Amino acid sequence: MAKEQEENGNGSSKLLIELPLGEAAEGFELEKAICSHGLFMLAPNHWDPISRSFSRPFRLTSPPLTVTVGISQPPTSSSSTLYLRVYGASSLSPLHRHSLLNQVSRMLRLSESEENKVREFRSIVEALHGEEEATEYLRSFSGRVFRSPTLFEDMVKCILLCNCQFSRTLSMAKALCELQFEIQHQISSSKAAEDDFIPKTPAGKESKRKLRVSKVSIRIESKLTESKVDNSVSELQLSQEPHDFVGMGSFPSPEELAKLDESFLAKRCSLGYRASRILKLAQGVVQGNIQLTQLEEDCKETSLSSYDKLSQRLRQIDGFGPFTCANVLMCMGFYHVIPADSETIRHLKQVHSKSCTVQTVGRDVELIYAKYAPFQFLAYWAEMWHFYGQRFGKLSELPVSDYKLITASNMKHKKIATRKRSKTSAEE
């Protein structure tokens with residue numbers, strides 16, 4: 001039974017939930033599962049490279065409740081459990097606990113179907129490459145690609161990834177979470193009118209401004225245990241307090257976004273034309289025209305026919321073109337289509353010496369990665385992520401302030417000088 005924890009004598013409570021990994025335990029590494037896609041860098045996510053722990057606010061349902069949760073993995077080679085720390089709570093209702101577990105499971109792809117895909121992909125890589133040194137990055141890739149706790153958040157963030165450098169995507173995601181904080185604390189339209197709500201994250205200044213260090217359907221319920229903190233876990237991991245999300249809320253809900261004025265949303269969060277698309281998406285969800293639960297249910301069968309049907313439905317949403325649809329469907333568990341954009345073209349030119357263009361990139365990626373079917377995207381992304389690491393250093397060790405350096409222009413040069421976060425500097 002869950003018990004209130006008071007640590008460091010400060011009287012604050014935290015609920016520790018042990019989450020068994022089940023069939024996913026073999027070879028599972030939290031660091032690889034989280035630091036596997038640029039989505040992990042977007043607010044309100046926060047990865048701490050020192051404690052190798054992750055934290056963010058989670059919005060639980062029935063009834064609505066927002067809690068900050070830290071996720072870590074005991075530092076043992078045979079660990080088959082994740083630790084979820086729910087800060088500021090001594091207990092969760094069964095419905096809240098179920099909601100949290102579902103969201104963590106989705107985010108880390110802990111379902112039985114996702115685990116089967118991981119194993120299939122690894123088998124294909126092993127059959128094709130064996131112990132080839134040149135493709136070690138494929139074998140070391142976890143096969144899990146980080147995604148958001150909810151489909152709605154994934155859909156919005158896939159919109160944010162379109163037609164801009166990653167530094168601006170970071171800025172827009174952060175601004176949306178700041179806006180949610182303001183909505184939550186009722187810093188609303190009256191202040192907007194008074195101050196004209198000048199955006200805190202202007203689009204043209206991301207590269208110059210100093211970013212603040214921001215801070216299963218595997219029947220998991222029956223295996224869930226809530227317990228006191230285990231003394232065998234490293235002191236560093238267990239002494240971690242939640243990241244300070246000061247001035248930043250969770251990711252905004254469809255209900256919060258749907259009632260906003262488009263021009264206000266565009267200006268406050270520097271979204272440009274994306275504001276209209278995000279607003280229509282949120283309104284479609286609230287009005288029941290876009291059934292997120294049904295979309296999630298329909299993607300459980302990841303066949304070509306189900307992909308085509310889901311793609312057609314997504315294309316009916318305003319602003320959901322081929323790239324955004326492919327990214328959203330990747331988040332939903334389809335890996336046979338590669339979302340291709342200018343960064344894909346750069347990668348094929350630089351790594352594969354392909355004379356690639358917008359017109360040929362779709363055919364080019366099909367030819368290069370066809371042997372990995374139906375996991376072409378996983379092979380492509382393992383390769384892409386590997387070369388990002390070569391340029392910028394191990395991505396899980398980057399400080400938040402260096403995330404903005406991950407741009408296409410910087411990928412064209414030799415390894416970028418980045419600052420690894422040390423324990424000493426982190427404690428200063």
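In what follows, the structure referred to is the one given above.
Note that the structure is a prediction, hence the values are computed from the model and not measured.

Caption draft 1: Quick peek at helix H14 (residues 322-331). Taken across its 10 residues, H14 has 9 buried, putting it largely inside the fold. Here H14 has its buried residues at Phe 323, Thr 324, Cys 325, Ala 326, Asn 327, Val 328, Leu 329, Met 330 and Cys 331. Just downstream of H14, Gly 333 is the residue with a positive phi angle, here 110°.

Caption draft 2: How the structure looks around the state of the cysteines. Per the stated rule, a full pass over the model turns up 0 disulfides. Free cysteine Cys 158: the closest other cysteine sulfur is in Cys 331, separated by 4.3 Å. Not part of a disulfide, Cys 177 finds its nearest cysteine sulfur in Cys 269, a span of 9.1 Å.

Caption draft 3: Structural context of unusual backbone geometry. Along the chain, Ser 62 connects to Pro 63 via a cis peptide bond; the corresponding omega equals -10°. Of note, the phi angle at Ser 270 is positive, near 50°, even though the residue is not glycine. Note that Ser 270 resides in the loop between helix H10 (262-269) and helix H11 (274-286). The exposure class of Ser 270 is buried, given its relative accessible area of 9%. Although it is not a glycine, Ser 353 sits at a positive phi angle of roughly 55°.

Caption draft 4: Here's a closer look at the packing of helix H6 (residues 166-184) against H10. Two numbers describe how H6 lies on H10: the axes approach to 9 Å, and their chain directions differ by 120°. By the angle class used here, H6 and H10 are oblique. Across from Met 172, Ala 175, Leu 176, Glu 178, Leu 179 and Glu 182 in H6, the residues of H10 making contact are Phe 264, Leu 265, Arg 268 and Cys 269. Looking at the contact of H6 with H10 residue by residue, the classes come out as 7 nonpolar, no polar and 3 charged.

Caption draft 5: Structural context of H11. Along its 13 residues, H11 runs 18 Å from first to last C-alpha, staying within 8% of the 18 Å computed at 1.5 Å per residue. Along H11, the residues that are buried comprise Arg 274, Ala 275, Ser 276, Ile 278, Leu 279, Leu 281, Ala 282, Gly 284 and Val 285. In the core, the buried residues of H11 are packed alongside helix H5 (151-160), H6, helix H9 (254-258), H10 and helix H12 (292-298).

Caption draft 6: Region of interest: the packing of aromatic side chains. Applying the stated rule across the entire model yields 13 aromatic pairs. Taking 5.3 Å as the distance between ring centres and 70° as the angle between the ring planes, the aromatic pair formed by Tyr 307 and Phe 334 counts as edge-to-face. Of this pair, Tyr 307 sits in helix H13 (residues 304-315) while Phe 334 is found in the loop between H14 and helix H15 (342-352), placing the two residues 27 residues apart along the sequence. Measuring from ring centre to ring centre gives 6.1 Å for Phe 377 and Tyr 380, while their planes differ by 55°; the resulting arrangement is tilted. Taken as a pair, Phe 377 and Tyr 380 lie in helix H17 (residues 376-392) at a separation of 3 residues, close to a single helical turn. For Tyr 380, a relative accessible area of 3% puts it in the buried group. Put simply, the rings of Tyr 369, Phe 377, Tyr 380, Trp 381, Trp 385 and Tyr 388 pair up and form one aromatic cluster. Sitting above the plane of the Phe 58 ring, Arg 56 keeps its charged end 5.5 Å from the centroid.

Cut-offs and rules
- Residues numbered from 1 in each chain as written.
- Predicted model: local features only at pLDDT ≥ 70, side-chain atom pairs only at ≥ 80, totals over all residues.
- Heavy atoms only, no water.
- Buried < 20%, exposed > 50% of the residue type's maximum accessible area, 1.4 Å probe, protein only.
- Helix = DSSP H or I, 4+ residues; strand = E, 2+ residues; numbered from the N terminus.
- Disulfide = S-S within 2.5 Å.
- Axes fitted to C-alpha atoms, helices over the stretch in contact; angles between N-to-C directions.
- Parallel < 35°, antiparallel > 145°, perpendicular 65-115°, else oblique.
- Contact = heavy atoms within 4.5 Å.
- Nonpolar A, V, L, I, M, F, W, Y, C, P; charged D, E, K, R; others polar.
- Expected span 1.5 Å × (residues − 1).
- Phe/Tyr/Trp six-rings, centres within 6.5 Å; stacked < 30°, edge-to-face > 60°.
- Lys NZ or Arg CZ within 6 Å of the ring centre and 35° of its normal.

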